[in-house]
Amino acid sequence: MLDVAFARPSLPGSGALALLIGEDETASGLWAKADAATDGAIGRALAAAKFTGRKDQTATVLAPGGGLSRVIAVGLGKRADARTRTYEEAGGTAAAAATGDEVLTIAPGGSGPEAAHAALGAVLRAYRFDRYRTKEKPEDKPKLAKVVINHEEQAAAKAAWPALEAIAEGVFVTRDLVSEPANVLTPAEFAKRCEGFSKYGLDVEILGPKEMRKLGFGALLGVAQGSVNEGRFVVMQWHGRKGKGKSKPVAFVGKGVTFDTGGISIKPAGGMEEMKWDMAGAGTVAGLMVALAGRKAKVDAVGILGLVENMPSGTAQRPGDVVTTYSGQTVEVLNTDAEGRLVLADALWYCQEKFEPRFMVNLATLTGAIVVALGHEHAGLFSNDDELSQRLFAAGTETGEKVWRMPLADAYDKLLRSDIADMKNIGGRPGGAVTAAQFLQRFVNGTPWAHLDIAGTAWNSKDGPTIPKGASAFGVRLLDRLVADHFEA
Ligand code: BES
Ligand code: MN
Ligand code: ZN
């Protein structure tokens, strides 16, 4: 993670300087000082670039003088309309423009806390998964190591940082997990890494196949049985309300298919490598729990991860097999590629039975159909609870991890009827994301619940302002925000 420091405004004599500029603002503060120190070079360059501070507008002035390697102007749009998210995006854009420098000084303006969000954006954008690059030349590596936020209210900006740093740490936990290849990140290895997260103050419990068989997780184990890499079930708990009296926890449940070949209903070869991130739901729950613990959120939270590998083999489950879920309900497995819902069926039932949570939110790269419906802009939101849905929508708008509500209805549920068991695990092509959600709803037992189908948002194929190409960690910030806004204290 980038080093982050806070200082009162003072013109740096080296490195990169980023000026976050509102629409039609005129030079003042550090901007004016930088302009003076460079004999007006910055003002002339910005005028020549027709830089007006429009949102997302950028202009870089190389070697303007005064020892600076570059000055990066980033437009915020109307300053009065700027939100914390605006500062994050501008900070991230500045960091991307400054990878050749070791130190980036950002003059964000705005309030102290808003300035801290510019640092968060820079940190998030500078993330890189380079574990397996052994031959990269030093000159090809990004050099940026430190961000200095210059702000009049240095103390207020600095005070806002630790909580944001914890969120960034959680996001990085998720991105690391999701980026790992499936030969490394098996269910056992994933569970082991979760155990390591106890250093943040989380209680971590791991169930193996023996314990799961004893409990009767027939649906999860049916998926796992085709792989030599055994399944795991992880329960993480954060107790942040110590001494504040008992209250029900909030709960998060993640689909963790460390690789999804489809099983016997095998997927086509093209693009199958993407299925290493079919554990993004579980990865997001793990990162969220780390974020909540890291910022000492005043909430009791449970994170549950169902971890399996979906493989075809002589021991794999067959189309037509009937499994008995932990709830007692039976499922005819007509397509072994609809495996995520089977894993979640047992995890959701266990979650509500064991913890009686205030609500459950599950995250899953569940269906290709949600990508067809919503593309990569919104995750699909399915819920039995209007208030929870509205809160998730609002948290999505604030964090940029946007969700869009999709329907649930009896008519869809009926499509799951089976000739031989209580239900089948597929409902046909039309409304595929909805029938998948209907399937999950059969395992929530009336608990307030939301399902986020993140198949289209867990992985980005191009750079975004605060997310480099690759694992997005979609959901960590959204759900952290949901908790912060409604479930703390
Ligand atoms: N993991 C996939 C869904 C997926 C597809 C995620 C594309 C990310 C990108 C899931 O397990 C799956 O295979 N779903 C099937 C369900 C179908 C067999 C009913 C699908 O969406 O095709
Ligand atoms: Mn599948
Ligand atoms: Zn899957």
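Residues numbered from 1 in each chain as written. Chains lettered and ligands numbered in written order. Predicted model: local features only at pLDDT ≥ 70, side-chain atom pairs only at ≥ 80, totals over all residues. Heavy atoms only, no water.

Colleague: Hey, could you run me through the packing of aromatic side chains in this one?
Modeller: Remark: the centre distance and the inter-plane angle together describe each pair of aromatic rings, the angle taken between the planes. A complete count under the given rule lists 14 aromatic pairs for this structure. Ring centres of Phe393 and Trp404 lie 6.2 Å apart, and the angle between their planes is 70°; this geometry places the pair in the edge-to-face category. A residue pair is termed long-range when its members are at least 10 positions apart, and Phe393 in helix H12 (residues 386-399) and Trp404 in strand E15 (residues 403-405) qualify at 11 residues. In this structure Phe393 comes out as partly exposed when scored by relative accessible area, which is 41%. Overall, the relative accessible area of 43% leaves Trp404 in the partly exposed class. Grouping aromatic residues by their ring pairs yields a cluster made of Phe217, Phe233, Tyr326 and Tyr350. Across the ring face of Trp238, the terminal group of Lys242 is positioned such that the distance to the ring centre comes to 5.7 Å. (Phe/Tyr/Trp six-rings, centres within 6.5 Å; stacked < 30°, edge-to-face > 60°. Helix = DSSP H or I, 4+ residues; strand = E, 2+ residues; numbered from the N terminus. Buried < 20%, exposed > 50% of the residue type's maximum accessible area, 1.4 Å probe, protein only. Lys NZ or Arg CZ within 6 Å of the ring centre and 35° of its normal.)

Colleague: Would you mind going over the packing of helix H5 (residues 154-179) against helix H15 (residues 476-486) with me for this structure?
Modeller: Angle between the axes and distance between the axes are the two parameters that describe a pair of packed helices. Relative to each other, H5 and H15 sit at 140°, their axes nearing to 10 Å. Classified by the angle their axes make, H5 and H15 are oblique. Crossing hand, H5 versus H15: right-handed. Between H5 and H15, the contacting residues are Ile167, Gly170, Val171 and Thr174 on the first element and Val476, Arg477 and Asp480 on the second. In terms of residue class, the contact of H5 with H15 is built from 3 nonpolar, 2 polar and 2 charged. (Axes fitted to C-alpha atoms, helices over the stretch in contact; angles between N-to-C directions. Parallel < 35°, antiparallel > 145°, perpendicular 65-115°, else oblique. Left-handed = near helix turned anticlockwise from the far one by under 90°. Contact = heavy atoms within 4.5 Å. Nonpolar A, V, L, I, M, F, W, Y, C, P; charged D, E, K, R; others polar.)

Colleague: Looking at this structure, how should I read the sheet that holds strand E2 (residues 16-21)?
Modeller: Strands pair in a sheet through their backbones, by hydrogen bonds, and they do so in one of two ways: parallel or antiparallel. The strand order across the open sheet built from 6 strands is E1-E6-E5-E2-E4-E3, with neighbouring strands paired in mixed fashion. Since the sheet does not close on itself, it has two edges, and those belong to strand E1 (3-7) and strand E3 (58-65), each with one partner. Adjacent strand axes in the sheet meet at a mean angle of 20° when their direction is disregarded. Sheet topology note: the E2/strand E5 (residues 103-107) ladder contains 4 bridges and is parallel. When the bridges of E5 are listed, Leu19 appears paired with Ala107. Helix-sheet contacts for helix H4 (residues 112-125) involve E1, E2, E5 and strand E6 (146-150), and the interaxial angle to E6 is about 165°. (Pairing = 2+ DSSP bridges.)

Colleague: Sorry, what's going on with the site of ligand 1 here?
Modeller: Around ligand 1, 16 residues are found, and the nearest of them are Lys267, Asp278, Asp337, Glu339 and Gly368. Between Lys255 and ligand 1, the recorded distance is 3.2 Å, taken from a side-chain N or O atom to an oxygen atom. For ligand 1, the accessible surface in isolation is 520 Å², of which the surrounding protein chains cover 77%. When grouped by side-chain class, the residues that make up the shell around ligand 1 number 5 nonpolar, 4 polar and 7 charged. (Near = heavy atom within 4 Å. Polar contact = N/O pair within 3.5 Å; in protein donor to acceptor, adjacent residues only side chain to side chain. Areas by Shrake-Rupley, 256 points an atom, 1.4 Å probe, with all protein chains shown as cover.)

Colleague: How do you make sense of the packing of H5 against helix H9 (residues 280-294) when you look at a structure like this?
Modeller: Two numbers describe how H5 lies on H9: the axes approach to 7 Å, and their chain directions differ by 155°. Classified by the interaxial angle, the pair formed by H5 and H9 is roughly antiparallel. By crossing handedness, the relation of H5 to H9 is classed as right-handed. Contacts between H5 and H9 involve Ala166, Ile167, Glu169, Gly170, Val173, Thr174, Leu177 and Val178 from the first element and Ala280, Gly283, Thr284, Ala286, Gly287, Val290, Ala291 and Gly294 from the second.

Colleague: Looking at this model, I keep getting lost on the coordination of the zinc ion (ligand 3). Mind explaining?
Modeller: Six octahedral donors at a metal ideally form angles of 90 or 180 degrees, and four tetrahedral donors ideally form angles of 109.5 degrees. Bound to the zinc ion (ligand 3) are the protein donor atoms Lys255 (NZ), Asp260 (OD), Asp278 (OD) and Glu339 (OE), situated 2.0 to 2.4 Å from the metal. Around the zinc ion (ligand 3) sit 6 donor atoms, and with donor-metal-donor angles ranging over 78 to 174° the site reads as octahedral. Here the manganese ion (ligand 2) and the zinc ion (ligand 3) are spaced 3.2 Å from one another, each receiving a donor from Asp260. A residue pair is termed long-range when its members are at least 10 positions apart, and Asp260 in strand E9 (residues 250-260) and Glu339 in the loop between strand E12 (330-333) and helix H10 (340-355) qualify at 79 residues. (Donors = N, O, S within 2.8 Å, 3.2 Å for Na, K, Ca; no water. Tetrahedral: all angles 85-135°; square planar, octahedral: opposite > 155°, others 65-115°.)

Colleague: Looking at this structure, I do not really get the coordination of the manganese ion (ligand 2). What am I missing?
Modeller: Protein-derived coordination of the manganese ion (ligand 2) comes from Asp260 (OD), Asp337 (O), Asp337 (OD) and Glu339 (OE), at a distance range of 2.0 to 2.2 Å. In this structure, the manganese ion (ligand 2) is surrounded by 6 donor atoms whose angles at the metal cover 70 to 166°, and the resulting shape is irregular. Judged by relative accessible area, Asp337 falls into the partly exposed class, the value being 21%.

Colleague: Looking at this model, I keep getting lost on the environment of Ala115. Mind explaining?
Modeller: Inspection of the secondary structure assignment puts Ala115 in helix H4. Residue class for Ala115 comes out buried when judged on its relative accessible area of 0%. Ignoring anything within four residues of it in the chain, the contact list for Ala115 reads Pro108, Gly109, Ile149, His151 and Ala157.

Colleague: I tried to follow the nonpolar core on my own but got confused; where do I start?
Modeller: Most often, soluble globular proteins have nonpolar side chains that are buried together. Counting 51 residues, the largest nonpolar core has Phe197, Phe252, Leu305 and Leu479 as the members making the most contacts within it. Here this core gets 9 residues from one element, more than from any other, and that element is H9. In this view, Phe197 contacts Val173, Leu177, Leu202, Met236, Ala286 and Val290; residues no more than four positions away in its chain are not counted. Judged by nonpolar contacts, the second largest core, of 41 residues, contains Ile304, Val323, Leu416 and Trp449. (Core = buried A, V, L, I, M, F, W, Y, C linked by side-chain atoms within 4.5 Å.)

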